[in-house]
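Fold and contact review
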Amino acid sequence: MSCAGLILAAGEGTRMKSRMAKVLHTVCGKPMICWVVEALEDLRSRGLVDRILVVTGRDAERVEEAVGSGAVFVRQEERRGTAHAVMQAADLLEEELLLVVTGDSPLIRPGTLAELFRVHRETDAWVTLLTARLEDPTGYGRIIRDLQGAVVGVVEEGDANPEERAIKEVNTSTYLFLWERLREVLPRIRPDNAKGEFYLTDAVRLMAEAGGVISTVEAADPTEVLGINDRLHLAQAERIMRERILRRLMEEGVTVEDPATAYVGPEVKVGRDTTIRPFVILEGKTVIGEDCLVGPGVRIVDSVLGKGVRVEQAVLRECVVEDGVSIGPFASLRPGTHLMEGSKIGTFVETKKTVVGRGSKIPHLSYMGDAHIGSNVNVGAGSITCNYDGVSKHPTVIEDDAFIGSDTMFIAPVRVGRGAVTGAGSAISQDVPPGALGIERSRQRNIPGWRNKKSEVGDGTEGDNQEKVDDIQR
Ligand code: UD1
Ligand code: CA
């Protein structure tokens, strides 16, 4: 049977108290609507769903942009309830089955949805509901069954009597309908409830009254059907999704020392025998190789790390790091940093748009921006590129085997030739030829007896010292 997947995502999300539509809020870095779309795309790849439709309303354009081109969009201009949302799509629907899911349930798994299809077929149902048994059913619609156990309806919390409120079996708002049967009952739904909305849940009662078969599938894992209505739910979903991601990594052979403080995005890949130490955030399209030691205190965004990389207390953004590199503690590696095999970035080092060649080291207190550093270069402590003149950025090139004295300033554009040396404390503004020493330093003068003079002459005030300094300069 052909099937359309319909995601309800038009709602106001009032309980989020946000300036943004609820379904745009992210779970593990991805808007919740996108998690739901992904689950349906999985069903599409299994041949269970033919088309994906999304009902949008609040922030419609942004929601549509987040979802992208894989879905058909239906606008619900006025938000008058979940049944009203489905009605907006009625004219577009031509499939025999309609799978309805809400955009605020990002934890739903494709396998669970597939189970709905199986039961639906087996029981010849008009509708198959995904239900869950919750210790605390607060906020959900309750499943009402007759004495024989057949579903006769769903009652929303606001309309439920105390007896109904005690029911722990809840509606997850995930339904597989025979579209023809739903189409028949939709016009009979009335907004005669506490909220004054057209409730899709009423379709269940109307179908039961008409003698249709109402089937249910109970979610094996009740956390999967969490509907996010407020920020508390959002944090719960974040934690559950995070645990899922970490579990997958661990199953793939990654050690996670402290899952409570490891944050790994859904698209991140981590190689075998890599250890993620406490307080690590891996985001975006980051890829980490095998045998790495990451953390503690590391944030990596959209970067690629090779094998055997060690990184501690550092932030990396859009970087490429080759095998065997060591980074940190306390390093900030900004976009365009490329660290070649076996290189080392030490303590309090910042890089930007910089290539560090094989085996080269920048061990302490340096800033390298727009620099191209060859292999086996040692950059002494405190060396920096003066790459920005206030108008534009200029390159610094340091060729292979150069030895950079501590506190060298590279007044870019400038080039240090292969095997050249710079004297400590030099401001290098001219190219240094290969093998040469570039040194730029005024001669040191020592003033004998300075300290004694200071205590003998005058009353030791600043003015006295200034006189002496003037003396020396003359
Ligand atoms: C709904 C169900 C409830 C169920 C719960 C599960 C109804 C009446 N109630 O309640 O039985 O236990 O989900 O999470 O269906 N939406 C629209 N247009 C609208 C209203 C809502 O597109 O006019 C969308 C929202 O964006 C949201 C979804 O429908 O993604 C559900 O709406 P929400 O207001 O969260 O329903 P609940 O009160 O949670
Ligand atoms: Ca909800």
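Residues numbered from 1 in each chain as written. Chains lettered and ligands numbered in written order. Predicted model: local features only at pLDDT ≥ 70, side-chain atom pairs only at ≥ 80, totals over all residues. Heavy atoms only, no water.

**A short note on the sheet that holds strand E28 (residues 355–356)**
Sheet architecture is open: nine strands sit in the order E14-E17-E20-E23-E26-E28-E30-E33-E36, paired in parallel fashion. On the outer flanks of this sheet lie strand E14 (269–270) and strand E36 (414–416), each paired with one strand and no other. Pairing geometry for strand E33 (residues 396–398) and E36, over three bridges, is parallel. Pairing of Ile398 across the sheet is with Val416, part of E36. (Pairing = 2+ DSSP bridges. Helix = DSSP H or I, 4+ residues; strand = E, 2+ residues; numbered from the N terminus.)

**Details of the coordination of the calcium ion (ligand 2)**
Here the calcium ion (ligand 2) is held by Asp104 (OD) and Asn229 (OD1), and the distances to it run 2.3 to 2.5 Å. Pair noted here: Asp104 is in the loop between strand E6 (97–102) and helix H4 (110–123) and Asn229 is in the loop between strand E11 (214–218) and helix H8 (231–251), with a separation of 125 residues, a long-range link. (Donors = N, O, S within 2.8 Å, 3.2 Å for Na, K, Ca; no water.)

**Quick word on the layout of surface pockets**
Estimated volume of the largest pocket: approximately 1,000 Å³. Along the wall of the largest pocket there are 42 residues; nearest its centre are Arg15, Lys22, Thr82, Asp104 and Lys195. For the lining of the largest pocket, the elements supplying multiple residues, two or more each, are strand E1 (3–9), helix H3 (82–89) and strand E10 (169–178). In terms of residue count, the dominant contributor to the lining of the largest pocket is E10 (four residues). Its residues assigned to classes, the lining of the largest pocket comprises 13 nonpolar, 18 polar and eleven charged. In this structure, the second largest pocket spans a volume of roughly 400 Å³. Looking at the second largest pocket, it is lined by 17 residues, and the ones nearest its centre are Asp136, Tyr140, Leu226, His233 and Gln236. A breakdown of the residues in the lining of the second largest pocket according to their chemical character gives six nonpolar, six polar and five charged. (1 Å grid on protein atoms, 1.4 Å probe; cavity = no way out; pocket = protein on both sides within 12 Å on 5 of 7 lines; lining within 4 Å. Points joined across faces, edges and corners; volume = space filled by probe spheres on them. Nonpolar A, V, L, I, M, F, W, Y, C, P; charged D, E, K, R; others polar.)

**Overview of the site of ligand 1**
Around ligand 1 sit 25 residues, and of these Gly11, Gln76, Thr82, Glu156 and Asn171 come closest. One of the side-chain nitrogen or oxygen atoms of Arg15 is found 3.3 Å away from an oxygen atom of ligand 1. One can see that ligand 1 is located within the largest pocket. Of all elements in the fold, only E1, H3 and E10 reach the threshold of two or more residues within the shell around ligand 1. Counting residues per element, the shell around ligand 1 draws most heavily on E10, at three residues. Residues of the shell around ligand 1, tallied by class, amount to six nonpolar, twelve polar and seven charged. (Near = heavy atom within 4 Å. Polar contact = N/O pair within 3.5 Å; in protein donor to acceptor, adjacent residues only side chain to side chain. Sits in = over half its atoms within 2 Å of the grid points.)

**Side note on the domain arrangement of the protein**
Domain boundaries in the protein define domain 1 (3–225) and domain 2 (246–438). The gap between the C-alpha centroids of domain 1 and domain 2 is 49 Å. (Domains from an automatic or database assignment.)

**Describing the environment of Val379**
Within the secondary structure layout, Val379 lies in strand E31 (residues 378–379). With a relative accessible area of 1%, Val379 lands in the buried category. In this structure the C-alpha to C-alpha distance between Val379 and Glu78, which are 301 residues apart in sequence, comes to 64 Å. Contact partners of Val379, with chain neighbours within four places excluded, come to Lys361, Ile362, Pro363, Ser366, Met368, Ile373 and Ile404. (Buried < 20%, exposed > 50% of the residue type's maximum accessible area, 1.4 Å probe, protein only. Contact = heavy atoms within 4.5 Å.)

**Examining H4**
End to end, H4 covers 20 Å across 14 residues, agreeing with the expected 20 Å (1.5 Å per residue, within 8%). Listing the buried residues of H4 in full gives Pro110, Thr112, Leu113, Ala114, Leu116, Phe117, Val119 and His120. Contacts made by the buried residues of H4 are with E1, helix H1 (32–45), E6, strand E7 (127–133), E10 and E11. Positive phi appears at Asp124, one or two residues downstream of H4, with a value of about 55°. (Expected span 1.5 Å × (residues − 1).)

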